[in-house]
Amino acid sequence: SFLFKDAAFSRIVIALFALYQWMFVLITHHVVRMYMTHQNSLFHRTRNILIVGEESSTLPIITEVELHDNWDATIIGYINDTPGTATHLPHLGTTDEIRDIIIKRRVQELLITYSLETHREEIKKVVDIAENEGIRVQIIPQNLNRFEVPLKIAYFGSVLTYRVRHIPLDDLYNRFLKRSCDLICSIIGITLLSPILIPVILAIKLADGGPILFVQKRTGLKQGDFNCLKFRSMTTKDLGIDSTTQPDGTDPRLLKLKVGPLPAFPLGTFLRKSNIDELPQLFNVIRGEMSLVGPRPHMIEHTEQFRERVESYMLRHFVRPGITGLAQVNGYRGKTDTKEKLEGRVHYDLKYIENWSLPMDIKILFATVFSSKAKERDL
């Protein structure tokens, strides 16, 4: 129709469409690039990458980092047990020193270039230490061989690697899908629940005139901290007294609402038993600090305690924490006062992270509302 002028088609419109389509693709690519660069600076900052293996294997990795300046990645050096003459990167130490190097150098990612066949024990040791510190690990295969942990093929630019753990939410489309659902559902939820939120706000204010919200630092995405919001259920003077202890229904710290000659209403107990005090976390979701579904965030001091008690605990922070999660709907709610309870929660959190899907999120949300296992509170 373009080559042979036809009355049914406008050649000018077709030409303009082709031009605008080309311009739109260029603009879209530019906007996506700007967005990814902004996300790197906002959440990831500069990725400090440490290479474990032979220094001679680092050249293709250095080339990939130089080709992708929008990655915000810096290769800080390499470690191995038999250092040679470094030509590209500084030698930072041996595998026995890796934990100290990770902490001191603020490493976010490890690339292992050792041969799986000849350095199996070294790789296993490095992977165990890195995962315990919440560090992402990728193995660049030198020899294809079997390894005890499930490896997933991935790419560092154009360099083939084996990723130790597959995280579906590492995919940009999956993150966009989950974030969109979080935003839409949170806005709808706040709108529909406003007849509950407004009376609760007034009741808390009438109880003792103190602040509406209780703000608590918790561990979030990539081990960062954020202010977790809750409706205040305890008196103002008791907010700082043993706040890690979960009160029962008779705890004197809980708010009571006294109106005229009527008996005092146990407002704090009601808020906690009904989980209404958790509703302000919908605003955490809108701010991008939490998700509707994900591992429940723990207090900063609990994170430091639990990482020493349970292997791979820090891997929970690969995704945003959630208002509810797979562990909660499987009965692992409330106090984690035993190692078995904590291990069970971490097991389900990692299962969720490695098998995430949108239908799974929907099932967890329904189970949270309707399942009897989801009735007991979290700290």
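Everything numeric in this text was worked out from a predicted model, so none of it was measured. (Residues numbered from 1 in each chain as written. Predicted model: local features only at pLDDT ≥ 70, side-chain atom pairs only at ≥ 80, totals over all residues. Heavy atoms only, no water.)

Engineer: Tell me about the overall build of the protein chain, residues and numbers included.
Structural biologist: Across its full length, the protein chain carries eleven helices and eleven strands. Contacts in the protein chain between residues at least 24 apart in sequence constitute 66% of all its contacts with a sequence separation of at least 6. (Helix = DSSP H or I, 4+ residues; strand = E, 2+ residues; numbered from the N terminus. Contact = heavy atoms within 4.5 Å.)

Engineer: Tell me about the environment of H166, and please be specific about residues and values.
Structural biologist: Within the secondary structure, H166 sits in the loop between β7 (159–163) and α5 (172–208). Classification of H166 as partly exposed rests on a relative accessible area of 39%. It is 8.9 Å that separates the C-alpha atoms of H166 and I153, two residues lying 13 residues apart in sequence. (Buried < 20%, exposed > 50% of the residue type's maximum accessible area, 1.4 Å probe, protein only.)

Engineer: Requested: an account of the sheet that holds strand β3 (residues 91–93), with residues and values cited.
Structural biologist: Spatial ordering of the open sheet is given by β3-β2-β1-β4-β5-β7-β6, a layout of seven strands whose pairing is mixed. With partners counted over all chains shown, the strands left at the sheet margins are β3 and β6 (152–156), one partner each. The average angle at which neighbouring strand axes cross in this sheet is 40 degrees, direction not considered. Strand direction decides the pairing type here: strand β4 (residues 109–112) and strand β5 (residues 136–139), joined by four bridges, are parallel. Looking at the pairing, L111 lines up with Q138 of β5. Sheet contacts for helix α4 (residues 120–132): β1 (47–52), β4 and β5; angle to β4, the most-contacted strand, approximately 170 degrees. (Pairing = 2+ DSSP bridges. Axes fitted to C-alpha atoms, helices over the stretch in contact; angles between N-to-C directions.)

Engineer: So, empty space enclosed by the protein: which residues are in play, and what are the values?
Structural biologist: Counting across every chain of the model gives four cavities of 30 Å³ or more. Taken together, E131, I135, R136, V137, R163, V164, R165, I167, L315 and F318 make up the full set of residues lining the second largest cavity. For the lining of the second largest cavity, a count of residues per class yields six nonpolar, no polar and four charged. (1 Å grid on protein atoms, 1.4 Å probe; cavity = no way out; pocket = protein on both sides within 12 Å on 5 of 7 lines; lining within 4 Å. Points joined across faces, edges and corners; volume = space filled by probe spheres on them. Nonpolar A, V, L, I, M, F, W, Y, C, P; charged D, E, K, R; others polar.)

Engineer: Requested: an account of the nonpolar core, with residues and values cited.
Structural biologist: Judged by nonpolar contacts, the single largest core of 41 residues is most densely connected at I204, F231, L267, Y313, Y352 and I364. Mapped by element, the contributors of at least two residues to this core are α5, β9 (225–231), α6 (267–273), α7 (281–286), β10 (291–293), α9 (326–329), α10 (339–354) and α11 (358–370). Counting residues per element, this core draws most heavily on α10, at six residues. When near neighbours in sequence (up to four residues on either side) are disregarded, Y313 contacts H298, T303, F306, R307, L342 and V346. In terms of nonpolar packing, the next biggest core, distinct from the first, is built from 23 residues, L50, I123, V126 and V137 among them. (Core = buried A, V, L, I, M, F, W, Y, C linked by side-chain atoms within 4.5 Å.)

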